[in-house]
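# Descriptive analysis of the structure
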Amino acid sequence: MISAIANGLSNSTLANIAQNTTASVSIETTLKSIGRPGFILIDNDISPATKKYAAAKEFLYQATCLAVYLALITPVFKKGAFTLAKKTFFKNKPEFAKFKNATEYLDYHNLASKNITNRRATLIKDHSRNKFMHDGLRDELTTKKDPEKYPLIKGTIELGSLIGSVLGLAILAPQISHVTIHPMLRALGLEKKEEHSEVPKLDKKA
Amino acid sequence: MSVSNLMEKICTKLGTNNKPTYVVMAIATVKGICRPIFTMMDKKENPETKKYTAIREGLTEIIAIPVYWASGELAGKLAHVLAKPKNFMDKELYKQHKKGQITPEVSKAFDSAKELAENNLPKMNKNLMFIGVCTAALFVIPALCSATIRPLMNVIQKKNHKSDDGHLDVNTFDESAVKFYAPNFQHNDNLKYLNSFHRTPVGGMKVGGV
């Protein structure tokens, strides 16, 4: 039993997810969208109607956060951090010149994290036959047991994701959810539309 | 140190060792500051409700920051318990190794299990940290918030209520605000010997008696 747990915890894919800001934040936000409404629903001190409303509101908030995060972080901050660093902060660093963009580097990093047998098996597949044919990257992956992982590039992408995560989840998502949640709750029938008492206009002619 | 050097140092550190706790703690810190500010900026909401919601949001994140850190670090420590050669080799071979029956096969299996355990330790550490952070997000933080925020809010509300405007609230009765004293009375038997009162039966309703 413990051996099985130890083997499961040695999984490289899980370790990659754990060290990947975007993947880990997405998983945590999904878990929050289940956990928080769940705890509201099992609270016996609140009336059933309030529970339903609060749980739905919390779920919609977390779902909005996840949507904002996925729509914003990957295309903007992850890729943007690599491009910005390559052009400004680290323009003289040779490792940045080896990769065209963040996607290519992340693809390389995923392969470099695997063991050499799996790496070779992946690289001989049809869709990977012509990958990493420049700057000795393919040789690095197919011949070395521990290929260079270029931590500076990885860190740059992670820092971009971290800044994006903070901006997206702590600043942007609350603003967007503030605007969208109430119409969604009304559409679900959990909130009534505010009734404004119409003030009759002054009839100046009378 | 120039900005470029500082950036390089931070990025290399993050690229080598990006703990799952870093991002959640950063998000919780900024949320703890920004969410109450946004709530207080809402002009449509009633001031009392705004104050209550802002304090509640701030408290949630204040609880979340140390819990994320502790859950991640504690779970990560478990890696040292699990990353043992015993968990990466055949049970029979391990039993033989423990009994001291060291054959070349047992020795080889133990050495490779030891190497595997050492190689897997960083991965297990990161994975357990991630699981710890997820557990904190899913169970620990919502449970702690449910258990602690309401009593804390009650205390804060009570304090605010007392120091509101100095007027006496006659509609609600606060027992803690009123002190009840037992009368300070000592029974004295000598009173009946003072002859201050008539001991003979007094009849009628005539004022002055007799």
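For the structure given in this document, a descriptive report is provided here.

What counts, and where the lines are drawn
- Residues numbered from 1 in each chain as written.
- Chains lettered and ligands numbered in written order.
- Predicted model: local features only at pLDDT ≥ 70, side-chain atom pairs only at ≥ 80, totals over all residues.
- Helix = DSSP H or I, 4+ residues; strand = E, 2+ residues; numbered from the N terminus.
- Buried ≥ 20, exposed ≤ 12 C-beta atoms within 10 Å, placed from the backbone.
- Contact = placed C-beta atoms within 7 Å.
- Rg over C-alpha atoms; globule rule 2.2 N^0.38 Å.
- Axes fitted to C-alpha atoms, helices over the stretch in contact; angles between N-to-C directions.
- Parallel < 35°, antiparallel > 145°, perpendicular 65-115°, else oblique.
- Left-handed = near helix turned anticlockwise from the far one by under 90°.
- Nonpolar A, V, L, I, M, F, W, Y, C, P; charged D, E, K, R; others polar.
- Expected span 1.5 Å × (residues − 1).
- Core = buried A, V, L, I, M, F, W, Y, C linked by C-beta atoms within 7 Å.

So, on to the overall build of chain B. For chain B, the count of helices and strands is five helices and zero strands. Counting helices and strands in the order they occur from the N terminus, chain B gives α-α-α-α-α. Within chain B, the proportion of its 210 residues that are buried is 26%. Of all intrachain contacts in chain B linking residues separated by at least 6 positions in sequence, the fraction that spans at least 24 positions is 79%.

A separate point is the overall build of chain A. For chain A, the helix and strand inventory stands at nine helices and zero strands. Its helices and strands taken in sequence order, chain A reads α-α-α-α-α-α-α-α-α from the N to the C terminus. For 206 residues, the compact-globule estimate of 2.2 N^0.38 gives 17 Å, and the C-alpha radius of gyration of chain A, at 25 Å, exceeds that figure by more than 25%. Along the first, second and third principal axes, the C-alpha atoms of chain A reach 90 × 60 × 30 Å.

Moving on: the packing of helix α9 (residues 151-187) of chain A against helix α2 (residues 20-41) of chain B. With their axes 9 Å apart at the nearest point, α9(A) and α2(B) run at an angle of 25° to one another. In this view, α9(A) runs roughly parallel relative to α2(B), as classed from their interaxial angle. When the axes of α9(A) and α2(B) are compared, the crossing they make is right-handed. Across from A:L162, A:S165, A:V166, A:L169, A:A170, A:I171 and A:P174 in α9(A), the residues of α2(B) making contact are B:Y22, B:V23, B:A26, B:I27, B:V30, B:K31, B:C34, B:R35 and B:F38. Looking at the contact of α9(A) with α2(B) residue by residue, the class counts come to 13 nonpolar, one polar and two charged.

Turning next to the interface of chain A and chain B. Of the residues lining the interface, 39 residues belong to chain A; the matching set on chain B comes to 41 residues. Mapped by element, the contributors of at least two residues to the side of chain A that touches chain B are α1 (2-9), α2 (12-18), α3 (21-41) and α9 of chain A. Here the element with the most residues in the side of chain A that touches chain B is α9(A); it accounts for 15 residues. Counted by class, the side of chain A that touches chain B contains 22 nonpolar, 11 polar and six charged residues.

Residue and element names in this part refer to chain A. The backbone phi angle of D135 is positive, close to 55°, even though this residue is not glycine. When the 13 C-beta atoms within 10 Å are taken as the criterion, D135 is described as partly exposed. Phi is positive for Y150, which is not a glycine, with a value near 50°. One can find Y150 in the loop between α8 (137-143) and α9. Looking at Y150, the number of C-beta atoms within 10 Å reads 21, which means it is buried.

Time to look at the packing of α2(B) against helix α3 (residues 47-82) of chain B. Residue and element names in this part refer to chain B. Closest axis-to-axis distance for the α2/α3 pair is 8 Å, and the angle between their directions is 175°. Relative to α3, α2 is oriented roughly antiparallel. Contacts from P20, T21, V24, M25, A28, T29, K31, G32, R35, P36, T39 and M40 of α2 reach α3 at K50, T53, A54, E57, G58, E61, I62, A64, I65, Y68, W69 and G72. Of the residues belonging to the contact of α2 with α3, the class tally is 12 nonpolar, seven polar and five charged.

Now for helix α6 (residues 102-113) of chain A. Along an α-helix, a turn takes 3.6 residues, which lines up residues three or four apart on a common side. An ideal rise of 1.5 Å per residue puts 16 Å on 12 residues; α6(A) measures up with 16 Å between its terminal C-alpha atoms. Along α6(A), the residues that are buried comprise A:A102, A:Y105, A:Y108, A:H109 and A:L111.

So, on to the environment of B:L138. Turning to its location among the elements, B:L138 is positioned in helix α5 (residues 104-162). Excluding its chain neighbours within four sequence positions, the residues that come into contact with B:L138 are A:L31 and A:G35.

What follows concerns the environment of A:Y105. All names here are of chain A. Along the polypeptide, Y105 turns up in helix α6. Assessed through the 22 C-beta atoms surrounding it within 10 Å, Y105 is described here as buried. Those residues within four positions of Y105 in sequence are excluded, and the remaining contacts are F82, F99 and I153.

So, on to the nonpolar core. The tendency in soluble globular proteins is for nonpolar side chains to be buried side by side. Counting 68 residues, the largest nonpolar core has A:I153, A:L169, B:I27, B:Y68, B:V133 and B:I141 as the members making the most contacts within it. Counting residues per element, this core draws most heavily on α5(B), which supplies 15 residues. For A:I153, the contacting residues outside a window of four places in its chain are A:E95, A:F96, A:F99, A:Y105 and B:G15.

You can see A:L162 is positioned in helix α9. For A:L162, a count of 23 C-beta atoms within 10 Å gives the class buried. Residues A:L162 and A:T117 lie 45 residues apart in sequence; the distance between their C-alpha atoms is 33 Å. Contacts of A:L162, omitting those with residues within four sequence positions, involve A:T21, B:Y22, B:V23 and B:A26.

These values are about where atoms sit, not about what they do.
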